[in-house]
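Analysis of the macromolecular model
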Amino acid sequence: IQVKWSLFSPWPLFRSGARSEADGGKKGGIQMDVDKFMDWVMTKNPGEKEFHQAVREVAESVQPVLAKNPQYEKFKILERMVEPERQIMFRVPWMDDNGDIQVNRGFRIEFNSAIGPYKGGLRFHPSVYIGIIKFLGFEQIFKNSLTGLPIGGGKGGSDFDPKGKSDNEVMRFTQSFMSELFRHIGPNTDVPAGDIGVGGREIGFMFGQYKKLKNSYDSVLTGKGINWGGSLVRPEATGYGAVYFADEMLKTRGDSFEGKTVVVSGSGNVAQYAVQKVNQLGGKCVTLSDSGGYIYDPDGITGEKWEFVMDLKNNRRGRISEYAEKFGCEYFPGERPWGVKCDVALPCATQNEISLEEAKTLVANGCFAVSEGANMPTVPAGVDYFVEKKILFGPAKAANAGGVATSALEMAQNHVGIPWSFEKVDEELHQIMINIHKNSWDAAKKYGHEGNLVVGANIAGFLKVADSMIDQGLV
Ligand code: NDP
Ligand code: 2IT
């Protein structure tokens, strides 16, 4: 049997030993060989390609920091960060409406608690496997740090497919899921929330089951209903936040959403409220999509058309093609909306939904700002292309941090026991997005990548977690 010795002793492989050039080798961190580091990560985490993708971007981004600050290398911060503190995988058996037994797999990855209890959503989608949950959990560490609030990084979910399931089936599944998850979470330990396939309905069923098992009314999930501990603006927060972030980017060029044509993908929670906020700021959203295809409405998705989407997706749980039938606009089955001419693009569906070709098409058609509402929606070569072309590019962990930030505000309200007004939460959210943009901008500039918010967000998110890990010793 051939054993890769790098699995046991990675350091000599990816430390070049050469002092960094950045400071003439005087203060000197050690230059890391990112390719070799990634070989080690990939050997330890085989087949998890989305996780590899997320780690590589962060590892590349923080090189200027490692070069100037030897303590991060000394304390093996990056090597420790890529290893989750705890990973939980469990069986979720449940009974469907025909009386047949179904078995799904549940996950919760408690990735990093250096700056607060694990925090991050739960995704229910048939594509879910460990590599997806790990990429999302890893991203969450830096995103949560960027919010400026005391929340660590975690993520979970299941390969359960909510599509076509009855309310009763969803309830039985979520109760079974929580029957295992409850023993791992807690208001000061780990606080899940929603993500793809997990919205108010699922959070409600899970909260009910948790409460029954623990006999305790804990702030253990966010995205709760407004009658039972939820926060105003949490449903809106991710979409609003991604638009607030885009607005900050536009301001750096003396511009705004007024009169802009905006292409949006997805038609779920994030997309819905991104459209509403764009409308409020004077822009026009002309597309929405789901896994079936996209609709193109050149007049804009406003008023009763927006209300129709809300009812279609949140109550009737139908397909976006019905919008085209109802309002007589075009529907493109099996396609993504990136070929539509626009000023601003808001990817709000899923990972790797903008390919390099699509990134090129967007730019060729005049798109000059992209704010990522979804997690990791642009492939790495697409991100590089946007950066190279000096597009205003808001990377996911900065641009969509408004959701988790407002979750932390929900926790704060729960801990004090007093709810805030819509205006107060919205104001806090807006200010948080302004701060994230500024901090990412400043970090990029400080480390020699002015205007590159990918590098800036990764560095700003990394520093706070890295310093906290050092403060807390070898844990
Ligand atoms: P929803 O489940 O409410 O909506 C997801 C939307 O994306 C649906 O329109 C869905 O279409 C579409 N979609 C999902 N997977 C695919 C796929 N593989 N191909 C094409 N379309 C797809 O989820 P959210 O709106 O909550 O989440 C959207 C994105 O935003 C995700 O990347 C999520 O991680 C991210 N995010 C969410 C936050 C939140 O607070 N909810 C916070 C931060 C980020 P269909 O119904 O046909 O599957
Ligand atoms: O990706 C994300 O940030 C979320 N799905 C929201 C997480 C949260 O805890 O609100």
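This write-up is about the structure you can find in this document.

So, on to the overall build of the protein. In terms of helices and strands, the protein carries 19 helices and 15 strands. Its C-alpha atoms give the protein a radius of gyration of 22 Å, near enough to 23 Å, the size a compact globule of 475 residues would have. In terms of overall dimensions, the protein has C-alpha extents of about 65 × 55 × 50 Å along its principal axes. Split into buried and exposed, the 475 residues of the protein put 57% on the buried side. Taking the intrachain contacts of the protein between residues at least 6 apart in sequence as the baseline, contacts between residues at least 24 apart amount to 69%. Summed over its atoms, the accessible surface of the protein is roughly 19,200 Å², and 51% of this surface lies on carbon and sulfur atoms.

All right, on to the sheet that holds strand β12 (residues 330–333) then. Taken together, 3 strands build an open sheet; the order of strands is β10-β11-β12 and the sheet is antiparallel. Strand pairing shows two members of the sheet lacking a second neighbour, β10 (287–290) and β12, which therefore form its edges. Across the sheet, the axes of successive neighbouring strands diverge by a mean angle of 20 degrees, strand direction being ignored. Pairing between strand β11 (residues 293–296) and β12: 4 bridges, direction antiparallel. By the bridge assignment, Tyr294 is partnered in β12 with Phe332.

Time to look at the site of ligand 2. Surrounding ligand 2, one finds 14 residues, the nearest of these being Lys119, Gln140, Lys143, Arg234 and Ser407. Residue Gln140 places a side-chain N or O atom 2.9 Å away from an oxygen atom belonging to ligand 2. Here an oxygen atom of ligand 2 and a side-chain polar atom of Lys155 are 3.0 Å apart. Burial of ligand 2 by the surrounding chains reaches 94%, relative to a free accessible area of 300 Å². Where the shell around ligand 2 is concerned, the elements lending two or more residues are β5 (118–124), α7 (130–146) and α17 (402–416). Its residues assigned to classes, the shell around ligand 2 shows 2 nonpolar, 7 polar and 5 charged.

This part is about the side chain of Thr238. In this fold, Thr238 is placed in helix α10 (residues 234–251). In contact with Thr238, not counting residues within four places along its chain, are Val270, Gly373, Asn400, Gly402 and Gly403.

Moving on to the packing of α7 against helix α19 (residues 453–471). Where α7 meets α19, the axes come as close as 8 Å, and the angle between the chain directions of the two elements is 85 degrees. By the angle between their axes, α7 is roughly perpendicular relative to α19. Seen from α7, the contacting residues are Ile141, Phe142, Ser145 and Leu146; seen from α19, they are Ala457, Asn458, Ala460, Gly461, Phe462, Lys464 and Val465. Class assignment for the residues of the contact of α7 with α19 results in 7 nonpolar, 3 polar and 1 charged.

Taken together, the buried positions of helix α14 (residues 356–364) are Glu358, Ala359, Leu362 and Val363. Down the axis of α14, the smallest arc covering the buried residues is 135 degrees, so these residues share one side. Away from the buried face of α14 by more than 90 degrees, exposed residues Glu357 and Ala364 are located. Contact partners of the buried residues in α14: β13 (344–346) and α15 (380–388).

Turning to the site of ligand 1, a few remarks are in order. Every one of the 25 residues lining ligand 1 counts as a neighbour, but Asp195, Thr238, Ser291, Arg319 and Asn375 are closest to it. Lys163 is positioned such that a nitrogen or oxygen atom in its side chain is 3.0 Å from an oxygen atom of ligand 1. Separating an oxygen atom of ligand 1 from a backbone N or O atom of Val270 is a distance of 3.0 Å. Counting only elements with at least two residues in the shell around ligand 1, the list comes to α10, α11 (269–280) and β10. Classifying every residue of the shell around ligand 1 by side-chain character gives 5 nonpolar, 13 polar and 7 charged.

Two strands pair when backbone bridges link them, and strand β3 (residues 86–95) and strand β4 (residues 101–112) are joined in this way by 10 bridges, in the antiparallel orientation. Looking at β4, one finds that Arg86 is bridged to Glu110. The hairpin formed by β3 and β4 contains 5 residues between the paired strands, and Gly99 there has a positive phi angle of roughly 85 degrees. By the bridge criterion, 6 bridges tie β4 to strand β6 (residues 152–158) in an arrangement that is antiparallel.

Quick look at the state of the cysteines now. In total, this model carries 0 disulfides according to the counting rule given. Here Cys329 is not disulfide-linked; the sulfur of Cys285 is the nearest cysteine sulfur, at 14 Å.

The next point concerns the sheet that holds β5. An order of β3-β4-β6-β5-β7 is seen for the 5 strands of this open sheet, with the pairing classed as mixed. Each edge of the open sheet is held by one strand with a lone partner, namely β3 and β7 (190–193). Taken over all neighbouring pairs, the strand axes of this sheet differ in orientation by 20 degrees on average, direction set aside. Helix α8 (residues 167–181) rests against β3, β4, β5, β6 and β7 of the sheet, and its axis sits at about 145 degrees to β3.

There is a patch of nonpolar side chains on the surface, built from Met95, Ile101 and Val103 and spanning about 310 Å² of accessible area. Secondary-structure assignment places Ile101 in strand β4.

Inspection of the secondary structure puts Leu221 in the loop between α9 (200–214) and α10. Ignoring sequence-local partners within four residues, the contact set of Leu221 consists of Met178, Val191, Pro192, Ile203, Met206, Phe207 and Glu410.

For the rest of this paragraph, the subject is the pattern of salt bridges. One pass over the full model with this rule turns up 27 salt bridges. Note that Arg108 and Asp190 form a salt bridge whose closest N and O atoms lie 2.7 Å from each other. In this pair, Arg108 is assigned in strand β4 and Asp190 in strand β7, connecting sequence segments 82 residues apart. The class for Arg108 is buried, based on a relative accessible area of 0%. Take Asp190: its relative accessible area is 0%, and that puts it in the buried class. One network of salt bridges, with partners in common, ties together Asp35, Arg56 and Glu60.

About the thresholds
- Residues numbered from 1 in each chain as written.
- Chains lettered and ligands numbered in written order.
- Predicted model: local features only at pLDDT ≥ 70, side-chain atom pairs only at ≥ 80, totals over all residues.
- Heavy atoms only, no water.
- Helix = DSSP H or I, 4+ residues; strand = E, 2+ residues; numbered from the N terminus.
- Rg over C-alpha atoms; globule rule 2.2 N^0.38 Å.
- Buried < 20%, exposed > 50% of the residue type's maximum accessible area, 1.4 Å probe, protein only.
- Contact = heavy atoms within 4.5 Å.
- Areas by Shrake-Rupley, 256 points an atom, 1.4 Å probe, with all protein chains shown as cover.
- Pairing = 2+ DSSP bridges.
- Axes fitted to C-alpha atoms, helices over the stretch in contact; angles between N-to-C directions.
- Near = heavy atom within 4 Å.
- Polar contact = N/O pair within 3.5 Å; in protein donor to acceptor, adjacent residues only side chain to side chain.
- Nonpolar A, V, L, I, M, F, W, Y, C, P; charged D, E, K, R; others polar.
- Parallel < 35°, antiparallel > 145°, perpendicular 65-115°, else oblique.
- Arc of directions from axis to C-beta.
- Disulfide = S-S within 2.5 Å.
- Patch = residues over 30% accessible without salt bridge, like charges linked within 9 Å, V, L, I, M, F, W, Y side chains within 5 Å.
- Salt bridge = Lys/Arg side-chain N within 4 Å of Asp/Glu carboxyl O.

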